[in-house]
Amino acid sequence: MTSSTAPASADGANVGPGSSPSAQPSGRSLSGRTMLVSGGSRGIGLAIALRAARDGANIVLLAKTGEPHPSLQGTVFTAAEQLRAAGGQALPLVGDVRKDDDVAAAVEAAVRTFGGIDVVLNNASAIDLSTTDALSMKRYDLMADINVRGSFMLSKFSLPALRRSANPHILTLSPPLNMTPHWAGLHLGYTMAKYGMSMTTLGLAEELKDDGIAVNSLWPCTIIDTAAIRNLPGGERIAKAARRPDIMADAAHAILTRPSRGCTGNFFTDEEVLGHEGITDFSGYSLGAPEDRLVPDIFL
């Protein structure tokens, strides 16, 4: 398994998050590339897809939300409308990443519609921070099926198409494999599910290194303002000390525009990636809280 050092910006500029994508010193683009996203009707997945759409990418969204949800904003169809408005092409598919047929159909639709797959984004994830006593087996199974099995299956089914890409990437939104007992002790079920996603990164990066398919994970240094966070107990309060999903979108864009053979097997954080791109001021991503009052994300 290889590990890369991300390139610094061409001119070493301190590019702030308020800069337009075209002003980024790297000049790298996802134009014309096809990205298959699990989830993506809202939150971090949608933000990453929108950043790609601004380059002119083709986005295939596989998400369950085909009809408006009572407590969650957005559907796979409204997300597709946003992607098209941003400058990309979009193919919205209502499906469940836990179902073999749905995932296979999404891969086939991506290849049939856009001619291939260049990027797989394992974004779909379920969260329940309950202790072992309090966690129902139904919720445990949900997290295991979506987070671990879903990421494994979407990656697996996409491999033939990725092998035909000039710059293939698999990016999974999961944390570094931090074996400090603290995190397992806090919420064992969720920790196992997220670390299962990270094990997929670890294993596939090694397995696919000779194929030139980059396999990496990306995790935020701070809490990100998403519906999943706001729906947790005390979530509205926590979200005030969060960053916008745009920081993960910019970091993902930087990873996915790097040459795949020189960038694999990494467990990146958003700050690490952007720092290597020359971005050192992250205050523009905040919802207003000072940098020293932001809530750190778990697993770090």
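Residues numbered from 1 in each chain as written. Predicted model: local features only at pLDDT ≥ 70, side-chain atom pairs only at ≥ 80, totals over all residues. Heavy atoms only, no water.

## Quick notes on the packing of helix α4 (residues 137-162) against helix α6 (residues 188-207)
Point 1. Between α4 and α6, the shortest axis-to-axis distance is 8 Å and the interhelical angle comes to 10 degrees. Overall, the two elements α4 and α6 adopt an arrangement that is roughly parallel. Residue-level contacts link Tyr140, Met143, Ala144, Asn147, Val148, Ser151, Phe152 and Ser155 of α4 to Gly189, Tyr190, Met192, Ala193, Lys194, Gly196, Met197, Thr200 and Leu204 of α6.
Point 2. Each residue belonging to the contact of α4 with α6 can be placed in one class, and the counts come to 10 nonpolar, six polar and one charged. (Axes fitted to C-alpha atoms, helices over the stretch in contact; angles between N-to-C directions. Helix = DSSP H or I, 4+ residues; strand = E, 2+ residues; numbered from the N terminus. Parallel < 35°, antiparallel > 145°, perpendicular 65-115°, else oblique. Contact = heavy atoms within 4.5 Å. Nonpolar A, V, L, I, M, F, W, Y, C, P; charged D, E, K, R; others polar.)

## Section: the packing of helix α1 (residues 43-55) against helix α2 (residues 76-86)
Point 1. Contact pair α1 / α2: the axes reach a minimum separation of 8 Å and the direction vectors enclose 30 degrees. With respect to α2, the element α1 is oriented roughly parallel. Crossing hand, α1 versus α2: right-handed. Seen from α1, the contacting residues are Leu46, Ala49, Leu50, Ala53 and Arg54; seen from α2, they are Ala79, Gln82, Leu83 and Ala86.
Point 2. The residue makeup of the contact of α1 with α2, split by class, is seven nonpolar, one polar and one charged. (Left-handed = near helix turned anticlockwise from the far one by under 90°.)

## Thoughts on the pattern of salt bridges
Point 1. For the structure on display, the rule yields 14 salt bridges.
Point 2. Residues Asp100 and Arg149 are paired through a salt bridge, measuring 3.0 Å at the closest nitrogen-oxygen approach. Placement of the pair is Asp100 in helix α3 (residues 100-114) and Arg149 in helix α4, with a sequence separation of 49 residues.
Point 3. As a salt-bridge pair, Arg230 and Asp225 come within 2.6 Å of each other at their nearest N and O atoms.
Point 4. Residue classification places Asp225 among the buried positions, given a relative accessible area of 17%.
Point 5. One continuous salt-bridge network, built from bridges that share partners, spans Arg28, Arg258 and Glu277. (Salt bridge = Lys/Arg side-chain N within 4 Å of Asp/Glu carboxyl O. Buried < 20%, exposed > 50% of the residue type's maximum accessible area, 1.4 Å probe, protein only.)

## Section: the layout of surface pockets
Point 1. Computed from the structure, the largest pocket encloses a volume of approximately 1300 Å³.
Point 2. The set of elements that each furnish at least two residues to the lining of the largest pocket consists of α1, β2 (58-63), α4, α6, β6 (214-219) and α7 (227-230).
Point 3. Per-class residue counts for the lining of the largest pocket are 27 nonpolar, 12 polar and seven charged.
Point 4. One number sums up the size of the second largest pocket: a volume of about 270 Å³.
Point 5. Forming the walls of the second largest pocket are 15 residues, and the residues nearest its centre are Ser41, Arg42, Gly43, Leu46 and Gln73.
Point 6. Elements that contribute at least two residues to the lining of the second largest pocket include exactly α1, α2 and α7.
Point 7. With four residues, α1 is the single largest residue contributor to the lining of the second largest pocket.
Point 8. For the lining of the second largest pocket, a count of residues per class yields five nonpolar, seven polar and three charged. (1 Å grid on protein atoms, 1.4 Å probe; cavity = no way out; pocket = protein on both sides within 12 Å on 5 of 7 lines; lining within 4 Å. Points joined across faces, edges and corners; volume = space filled by probe spheres on them.)

## So, the packing of aromatic side chains
Point 1. In this structure the tally under the stated criterion is four aromatic pairs.
Point 2. For the pair Trp219 and Phe299, a centre-to-centre distance of 5.8 Å together with 55 degrees between the ring planes defines the contact as tilted. On the criterion of sequence distance, the pair formed by Trp219 in strand β6 and Phe299 in the segment after α10 (270-276) is long-range, its members being 80 residues apart. No difference in accessibility class separates Trp219 from Phe299, as the two residues are buried.
Point 3. Through a chain of ring-to-ring contacts, three or more aromatic side chains come together here, namely Trp183, Tyr190, Tyr195, Trp219 and Phe299. (Phe/Tyr/Trp six-rings, centres within 6.5 Å; stacked < 30°, edge-to-face > 60°.)

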